Amino acid sequence: MMGSSHALSGAAVWLAGSLALDQLADFHQTPLQLAVGTAICAGGALLPDLDLSGRVTTRQGGATVAHTFGVLTLFLAEVVEKFSLGVYMLTRLKHDPRRRNGHRTLTHTIVFNVGVGYGTLALCNAFGKWAVMGVLFFAFAMALRGLFERWAERAGWLIVTLAAAGAAYLVYERLPGDRGYPLLGMAVGVGGLIHLAGDMITRHGSPIFWPIPTGRRLWRNIGLPHSVALTAGDKTETVVLRIVFTTVAIFAGSLLVAPILLERFNISV
């Protein structure tokens, strides 16, 4: 799927999951926590495509997330793509095809995305709010690039960077300092797994089970049959799915925030 669709799906799933936890498990979040979790999950849903690099010198090509910080993230995407390709070539079995690029390999596995989520959690636990601020900064920038793609393209990477830094600082100022913030790591990991689910409904699929062999292959792409799979960028994705994701996000978000606002302003229904 395209970057905007991945980001929207991350936001929608996080809000829908938060609503389910609120109703079924009595797990309540403040509006700030909801906003932060949604933004981080939306940003995390772009992260696996950091293995799709472009042309660094001309700032062309590459996935949406690769343009987040301009040449810096385009170069990072190039490094991630080459590293992923190296892992693929070193671990491929006889029946795994040869590849010339590392897109949809290492970063499109369950192991990688769960590891990133756990690593984020460990980082925040170890270094506290400064690590939290760094996670917020990168996640907010990716979320802005994905959720507001046209605006981000017009504004440029510098404005996106400044906006993400400002948002991260404002949230940092309002968060208590004596917590490990486990939801941040969960949001990043869940976002990555949602990305995999999105790619699995397209024709290419994702090698989610690596390093567990499936049949005689280690890098088998898992997805829907071609007869029913989506084509990335077609109208079903860019119109139908995006409308569904937006509707779910607005509906779930409204149900979560409305009771808090009513209570705050002492309004009875």
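Since we're looking at a predicted model, the values are computed, not measured. (Residues numbered from 1 in each chain as written. Predicted model: local features only at pLDDT ≥ 70, side-chain atom pairs only at ≥ 80, totals over all residues. Heavy atoms only, no water.)

A. Examining the packing of aromatic side chains more closely. Per the stated rule, a full pass over the model turns up six aromatic pairs. Note on Tyr88 and Trp219: the rings are 5.2 Å apart at their centroids and 50° apart in plane angle, and the pair reads as tilted. Pair noted here: Tyr88 is in helix α3 (residues 71–91) and Trp219 is in the loop between α7 (182–200) and α8 (235–264), with a separation of 131 residues, a long-range link. Given the relative accessible area of 2%, Tyr88 is considered buried. In this structure Trp219 comes out as buried when scored by relative accessible area, which is 3%. Of note, Arg99 hangs over the ring of Tyr88, and the distance from its end group to the ring centre comes to 5.6 Å. (Phe/Tyr/Trp six-rings, centres within 6.5 Å; stacked < 30°, edge-to-face > 60°. Helix = DSSP H or I, 4+ residues; strand = E, 2+ residues; numbered from the N terminus. Buried < 20%, exposed > 50% of the residue type's maximum accessible area, 1.4 Å probe, protein only. Lys NZ or Arg CZ within 6 Å of the ring centre and 35° of its normal.)

B. Fine view of unusual backbone geometry. Cis geometry is found at the peptide bond from Trp210 to Pro211, where omega equals 10°. Looking at where Pro211 falls in the secondary structure, it is placed in the loop between α7 and α8. Although it is not a glycine, Asp26 adopts a positive phi angle of roughly 55°. By the element assignment, Asp26 lies in the loop between α1 (3–24) and α2 (31–44). The class of Asp26 is exposed, set by a relative accessible area of 56%. Within the chain, Arg104 stands out as a residue other than glycine whose phi angle is a positive 60°. Relative to the assigned elements, Arg104 resides in the loop between α3 and α4 (110–147). Given a relative accessible area of 10%, Arg104 falls into the buried group.

C. Geometry of the UniProt feature "transmembrane region" (unreviewed entry) in the protein. Listed under "transmembrane region" (unreviewed entry) in the UniProt record, and renumbered for this structure, are residues 69–90, 102–121, 155–172, 184–202 and 239–262. As annotated, residues 69–90 has a helix share of 91% and a strand share of 0%, and its two end C-alpha atoms lie 30 Å apart. Spanning residues 102–121, this segment combines 60% helix with 0% strand, and its end C-alpha atoms are found 27 Å apart. (UniProt positions renumbered as here; feature names shortened; annotations may be inferred.)

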